[in-house]
Amino acid sequence: MANNKTFTMIKPDAVEAGNIGSITKMIQEAGFVIKAMKLTKLSKERAGQFYAIHKERPFYTDLCNYMSSGPIVPMILEKENAVEDFRTLIGATNPKEAAEGTIRNLFAKSIEANAIHGSDSDENAIIEGNFFFSEVEKF
Ligand code: UDP
Ligand code: MG
């Protein structure tokens, strides 16, 4: 089935602030089913690989330092129209622009430490899910 999976990770600021439970609850109440999930940590090098698409951007080095600064919670999620619906649920990259009631509006600290990631396409959802999870970890 196409269009039914996305990838997310709760970022270090939200894990540190104790918001794993609140964010996971919002994700499930929005109709997403968790197909894989773990608490893990990225090295600076692996953070750089994950965000390689942004390596020419001015924020890349800071982003890699931040994303490797503490534990994260990656997840594979299932729902009809998953990628688009999840981007709506998390809100804009900059929390100042994120719609009221979105995850970033409620939990993000800054444009960098913005609480949560969401894949931007079906293709990237698969690549990003495979970056963190082996086949036997996906339910
Ligand atoms: N980011 C940043 N400064 C910026 C834009 C983005 O630090 O000006 C960080 C932020 O954590 C963001 C990530 O880089 O979530 C990836 O950026 P992207 O434009 O892909 O935003 P997203 O898809 O996460 O909304
Ligand atoms: Mg993006």
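Scroll up a little and you will see the structure.
Report on the accompanying structure. In this text the structure is predicted, and so the values were computed from the model without any measurement. In every chain, residue numbers begin from 1 and rise along the written sequence. Each chain is given a letter, starting from A, and each ligand a number, starting from 1, according to the order in which they appear as written. pLDDT decides what is reported in this predicted model: residues at 70 or higher carry local features, side-chain atom pairs at 80 or more are listed and counted, and totals for whole chains, interfaces and linings draw on all residues regardless. With hydrogens and water set aside, each side-chain value is computed from the structure's full complement of heavy atoms.

## Looking at the nonpolar core
Okay, step 1: Buried residues of nine kinds, namely Ala, Val, Leu, Ile, Met, Phe, Trp, Tyr and Cys, make up a nonpolar core once their side-chain atoms join them within 4.5 Å. Partly exposed describes any residue whose relative accessible area lies between the buried limit of under 20% and the exposed limit of over 50%, with all areas from a 1.4 Å probe on protein chains only and scaled to the type maximum. The biggest cluster of nonpolar side chains holds 19 residues, and the ones touching the most others in it are Ile10, Ile23, Ile27, Phe86, Ile103 and Ile116.
Okay, step 2: Those elements that place two or more of their residues in this core are α1 (12-16), α2 (20-29), β3 (73-78), α5 (82-90) and α6 (103-107).
Okay, step 3: Secondary structure elements are taken from DSSP: a helix is a run of H or I of four residues or more, a strand is a run of E of two residues or more, and numbering for both begins at the N terminus. Ranked by residue count, the leading element in this core is α5, at 4 residues.
Okay, step 4: The criterion used for residue contact is that any of the two residues' heavy atoms lie within 4.5 Å. With residues up to four places along the chain from it excluded, the contact list for Ile103 reads Ile23, Met26, Ile27, Leu89, Ile90, Ala108 and Ile116.
Okay, step 5: Leu42, Met67, Ala113 and Phe133 belong to the second largest nonpolar core, which has 17 residues in total.

## Remarks on the environment of Tyr60
Okay, step 1: Looking at the element boundaries, Tyr60 is found in helix α4 (residues 60-67).
Okay, step 2: For the pair formed by Tyr60 and Asn94, sequence separation is 34 residues and the distance between their alpha carbons is 16 Å.
Okay, step 3: When residues no more than four places from it in sequence are discounted, the contact partners of Tyr60 are Gly48, Tyr51, Ala52, His54 and Lys55.

## Structural notes on α4
Okay, step 1: When we look at burial in α4, the residues that qualify are Tyr60, Leu63, Cys64, Tyr66 and Met67. Mapping the buried residues of α4 onto a view down its axis gives an arc of 165°, with all of them on the same face.
Okay, step 2: Elements that come into contact with the buried residues of α4 comprise β1 (5-10), α1 and α3 (44-50). Taking the helix axis as origin, the arc is that swept by the directions to the C-beta atoms.

## Side note on helix α7 (residues 122-132)
What sets the pattern is the α-helix's 3.6 residues per turn: residues three or four places apart point alike.
Okay, step 1: Within the sequence span of α7, burial applies to Ala125, Glu128, Gly129 and Phe132. Down the axis of α7, the buried side of the element spans an arc of 100°, and every buried residue falls inside it. Turned more than 90 degrees off the buried face of α7, the exposed positions are Glu123, Ile126 and Ile127.
Okay, step 2: Where α7 is buried, its residues touch β1, α3, β3, α5 and β4 (116-118).

## Structural notes on the side chain of Ser68
Okay, step 1: Mapped onto the fold, Ser68 is located in the loop between α4 and β3.
Okay, step 2: Here Ser68 is in contact with Lys41, Leu42, Ser43 and Lys44, once residues within four sequence places are set aside.

## Digging into the site of ligand 1
Okay, step 1: Every residue lining ligand 1 is accounted for by Lys11, Tyr51, His54, Phe59, Leu63, Arg87, Thr93, Arg104, Ile111, Glu112 and Asn114.
Okay, step 2: Definition of a polar contact: a pair of N or O atoms within 3.5 Å, with one able to donate and the other able to accept a hydrogen when the atoms are protein atoms, and with sequence-neighbouring residues admitted only if both atoms are side-chain atoms. One of the side-chain N or O atoms of Thr93 is found 2.5 Å from an oxygen atom in ligand 1.
Okay, step 3: Residue Arg104 places a side-chain N or O atom 3.0 Å away from an oxygen atom belonging to ligand 1.
Okay, step 4: Computed by Shrake-Rupley with a 1.4 Å probe, the accessible areas treat only the displayed protein chains as cover when residues are assessed. Out of a free accessible area of 500 Å², ligand 1 has 81% covered by protein chains.
Okay, step 5: Three residue categories are used. Nonpolar comprises Ala, Val, Leu, Ile, Met, Phe, Trp, Tyr, Cys and Pro, charged comprises Asp, Glu, Lys and Arg, and polar comprises the others, including Gly. Across the shell around ligand 1, the residue classes tally to 4 nonpolar, 3 polar and 4 charged. The nearness test applies per residue and asks whether one of its heavy atoms lies within 4 Å of the molecule or strand.

## A few points about the side chain of Thr8
Okay, step 1: Within the element layout of this structure, Thr8 appears in strand β1.
Okay, step 2: One polar contact links the side chain of Thr8 to the main-chain carbonyl oxygen of His117, over a distance of 2.6 Å.

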